[in-house]
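# Structural characterization, general
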Amino acid sequence: MHGCDGGTHAAGSVRVPVSWNGPLKPCSRGYPLIIFSHGLGAFRTLYSSLCTELASWGFVVAALEHRDHSAATTYFCPAKAGTEEWIPFQRVPQGQKEFYFRNKQVHQRAQECVRVLRLLQSITRGRAAPTILPQGWDLSVLKDNLDLTKVAVMGHSFGGITAVLALVKEPSFRCAVALDAWMFPLENLLYPEVPGPVLFINTEKFQTPESAAKMRRLSSRNSQSRIVTVLGTVHEDQTDFAFLPKKLFSLIFGRRGTLEPHRALAITSRAALAFLHRHLELQEQFGQWDELLEGVGDAVVPDVPFGRSHL
């Protein structure tokens, strides 16, 4: 990775440790794949710090933007060239129960994760996949460079429970990493249907006893599932918002986490890498961080504690 120094402005550092439009380095054994789902009211680039970190360790990370009206706003390009069709954020319609509205969305979201996987499977088989991105990046470079026997799904908040449901819908997903998962939208009847292991990485402030109980219930059905909490963190610490200046963050979101953002990112990414190493059978030495999966280490504990706050 090449460092690009963009300087500093009112929103904080804009340094990005990547090479702009750099060529894909061929990988004879194929890169493992992570499909990433964003949270409610968020968008695909809001997790660039985490996705870039995972990519730097040798993953292809496909971060999608959902079309279920849960993104801040998004668009797609229909068949007619040069046109855009916008999909705005939508609140729960008046008079409709939130569960039924969100449940429909989470099923669409999970199916969209599967759709991304299908697209990448098609590309690896040599099928052309034109892109409308102005940079004109050629998706065909992924052919022969993905190992589609090693695929995981990951997400934050609404995206976290989306990742869990995607395991039900698609057997090619071997495991899921759920960051501060919003458990509410998933129907209880599907818990026994989750076939693969799930790693729940929670922040200290977001989860409720009811949500934690759902995580424990789901995890009890697979001995390889894990639940850990990163102390001194809040929900937004798993997004790029964590790197906003302290005063600006507090103005927008209120209290921020006490754990330094880069430290929180390191714990989250290393725990995820250890879990992926275990369940995707990777050759890299990510197993050095296995203790994080048991809640052992600075600023990390097992399960979801509801005692003394570290915030």
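Scroll up a little and you will see the structure.
Residues numbered from 1 in each chain as written. Predicted model: local features only at pLDDT ≥ 70, side-chain atom pairs only at ≥ 80, totals over all residues. Heavy atoms only, no water.

### Structural notes on the nonpolar core
Counting 45 residues, the largest nonpolar core has Ile 35, Val 164, Phe 173, Val 198 and Phe 200 as its most contacted members. Within the residue set of this core, elements represented by two or more residues are strand E3 (31-37), strand E4 (60-64), helix H2 (98-124), strand E7 (146-156), helix H3 (158-169), strand E8 (173-179), strand E9 (198-203) and helix H4 (209-219). Per element, the largest residue contribution to this core is eight residues, and it comes from H2. The contact partners of Val 164, leaving out residues within four places of it in the chain, are Ala 176, Ala 178, Leu 186, Val 194, Val 198, Phe 200 and Leu 218. Among the nonpolar cores identified, the runner-up in size contains 35 residues, and Ala 42, Leu 179, Ala 264 and Leu 292 belong to it. (Core = buried A, V, L, I, M, F, W, Y, C linked by side-chain atoms within 4.5 Å. Buried < 20%, exposed > 50% of the residue type's maximum accessible area, 1.4 Å probe, protein only. Helix = DSSP H or I, 4+ residues; strand = E, 2+ residues; numbered from the N terminus. Contact = heavy atoms within 4.5 Å.)

### A word on the side chain of His 279
Turning to its location among the elements, His 279 is positioned in helix H6 (residues 261-280). You can call His 279 buried: its relative accessible area is 12%. Contact partners of His 279, with chain neighbours within four places excluded, come to Arg 174, Cys 175, Pro 197 and Gln 224.

### Quick notes on empty space enclosed by the protein
Taken as a whole, this structure holds one cavity of 30 Å³ or more when the rule is applied. Volume-wise, the largest cavity comes out at about 110 Å³. Lining the largest cavity are 14 residues, and of these Asp 237, Gln 238, Ala 264, Leu 265 and Thr 268 sit closest to its centre. Counting residues per element, the ones that place at least two in the lining of the largest cavity are helix H1 (48-56), E9 and H6. Residues belonging to the lining of the largest cavity are distributed by class as follows: six nonpolar, seven polar and one charged. (1 Å grid on protein atoms, 1.4 Å probe; cavity = no way out; pocket = protein on both sides within 12 Å on 5 of 7 lines; lining within 4 Å. Points joined across faces, edges and corners; volume = space filled by probe spheres on them. Nonpolar A, V, L, I, M, F, W, Y, C, P; charged D, E, K, R; others polar.)

### A short note on the packing of H1 against H6
Helix-helix packing is characterised by the crossing angle of the two axes and by the distance between the axes. Look at H1 against H6: their axes get within 10 Å of each other, and the N-to-C directions meet at 45°. As summarised for this structure, H1 and H6 are arranged oblique, according to the angle between their axes. Classified by chirality, the crossing of H6 by H1 is right-handed. Together, Ser 49, Leu 50, Glu 53 and Leu 54 of H1 and Leu 265, Thr 268, Ser 269 and Leu 273 of H6 make up the contact between the two elements. Along the lines of polarity and charge, the residues of the contact of H1 with H6 split into four nonpolar, three polar and one charged. (Axes fitted to C-alpha atoms, helices over the stretch in contact; angles between N-to-C directions. Parallel < 35°, antiparallel > 145°, perpendicular 65-115°, else oblique. Left-handed = near helix turned anticlockwise from the far one by under 90°.)

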